[in-house]
Amino acid sequence: MAPSLLVEAVIIVAATVAIWKGSDWLESSSERLATYYGLPEVVQGAIIVAVGSSFPEVATVVVAALGGSMPLGVGAIVGSAIFNVLVIPAVAGVATDDPLESNRTLVYKEAQFYMLAVSVLLITFALAVIYYPGEATLTGVVTRPLAAIPLALYGLYVFIQYQDTADHDPGADWTADIAVRRQWLFLLLGLAVILVAVENLVHAVGVVGRAAGVQEFLLGVTILAAATSLPDTLVSVRAARDDRGVTSLANVLGSNTFDLLVAIPLGVLIAGAWTVDFAMAVPMFGVLTAATILLFTVLRTDLVLSELESYALLCAYAVFVAWVIVETVGWVGGVLPS
């Protein structure tokens, strides 16, 4: 490896560690603030903790959009979504002695709304191909008005969660020993650390990718996705070990919903427009849909995630990674451009 590439590799590792530390501050403070303000467990996981743990992905899209590398940012979002659905629940399930508990609210509201988010984003891409076709076949330009469609759906999601919050009784001891100002300080500090780390991470991954001749989208799906998903993994594992299985799983679904409906449109709003390759997007969203259906199925069985089901999710992700590698190196003719 050339010295310059070795330096970039070191930067990738250091930035990943910094993202983990900043996210730890961000997530722990946001979780305590959610408890202080008396939010229900599902809302804590699906909105407060999920948005906090999704900040690395949001920062990745913003930095990539400002740098003119939207495919890198979008690839990170899609790859992170697949990682979150398959790996994080599996790791959380394996890390605990008992099966990871779910509930009907999580399965029938969070999981199904997340499936709706995947569908709406894919429909938005299809509208871009139909009404704003690009120069190449099956490409379309996602404009700012089109980006407003998934943002509007997330507004509906927040409204639904607000209704749950309005009906929730936090109990008598929900304000126990929480220093509010200190938690807000840690939250802001975590945001700052993540922003700096993500900027360096995106630059380093771009340099390594160009040297290796790998497409930006595929770099985002693999390297950036794994790096930015580390905080989500740690949050869900910690919640699972604390016997808060609902929060652990709600964080995964809420984080993915936020990433798809807010992070990608935010990148489009910053960049002004983004040309999507439908031939590349459809297979990836097909994998994401299949992964979500698999998670939905294993969560619905007895409303728990068993150890055997956790390993099945890990195997599914291994198959996805192998498929991406095969398509990338061109061992077989596939749907992803070489």
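Residues numbered from 1 in each chain as written. Predicted model: local features only at pLDDT ≥ 70, side-chain atom pairs only at ≥ 80, totals over all residues. Heavy atoms only, no water.

Caption draft 1: Up close: the pairing of strand β2 (residues 139–143). Where burial is concerned, most of β2 is hidden: 4 out of the 5 residues are buried. In this sheet, strand β3 (residues 273–277) lies alongside β2 in antiparallel orientation, the contact comprising 5 bridges. Its bridge partner lying in β3, Thr143 is registered against Ala273. (Buried < 20%, exposed > 50% of the residue type's maximum accessible area, 1.4 Å probe, protein only. Helix = DSSP H or I, 4+ residues; strand = E, 2+ residues; numbered from the N terminus. Pairing = 2+ DSSP bridges.)

Caption draft 2: Region of the structure containing the packing of aromatic side chains. Overall, the coordinates contain 9 aromatic pairs when judged by the stated rule. The interplanar angle of 40° and the centroid separation of 4.9 Å between the aromatic rings of Phe113 and Tyr157 together place this pair among those described as tilted. Here Tyr157 lies in helix α5 (residues 144–166) and Phe113 lies in helix α4 (residues 104–131), a separation of 44 residues in the sequence. For the pair shown, Phe113 and Tyr157 are each scored as buried. With a centroid separation of 5.5 Å and 40° between ring planes, the pair formed by Tyr154 and Tyr157 is classed as tilted. Here Tyr154 pairs with Tyr157, and both are found in helix α5, just 3 residues apart, close to one helical turn. Residues Tyr154 and Tyr157 agree in their burial class; the two are buried. Joined through ring pairs, the aromatic side chains of Phe83, Tyr317, Phe320 and Trp323 make up one cluster. (Phe/Tyr/Trp six-rings, centres within 6.5 Å; stacked < 30°, edge-to-face > 60°.)

Caption draft 3: Region of the structure containing the packing of helix α3 (residues 70–95) against helix α7 (residues 216–241). Where α3 contacts α7, the two axes come as close as 6 Å, and the packing angle between them is 35°. Pair α3 / α7 crosses with right-handed handedness. For the contact of α3 with α7, the per-class residue count stands at 16 nonpolar, 9 polar and 3 charged. (Axes fitted to C-alpha atoms, helices over the stretch in contact; angles between N-to-C directions. Left-handed = near helix turned anticlockwise from the far one by under 90°. Nonpolar A, V, L, I, M, F, W, Y, C, P; charged D, E, K, R; others polar.)

Caption draft 4: α3, seen in detail. Its 26 residues give α3 an end-to-end C-alpha distance of 35 Å, which sits within 8% of 38 Å, the value for a rise of 1.5 Å per residue. Maximal helix bending in α3 amounts to about 40°, located at Asn84. Of all 26 residues that make up α3, 22 are buried, and the element is covered over most of its length. (Expected span 1.5 Å × (residues − 1). Bend = angle between axes of the 7 residues up to and from the residue.)

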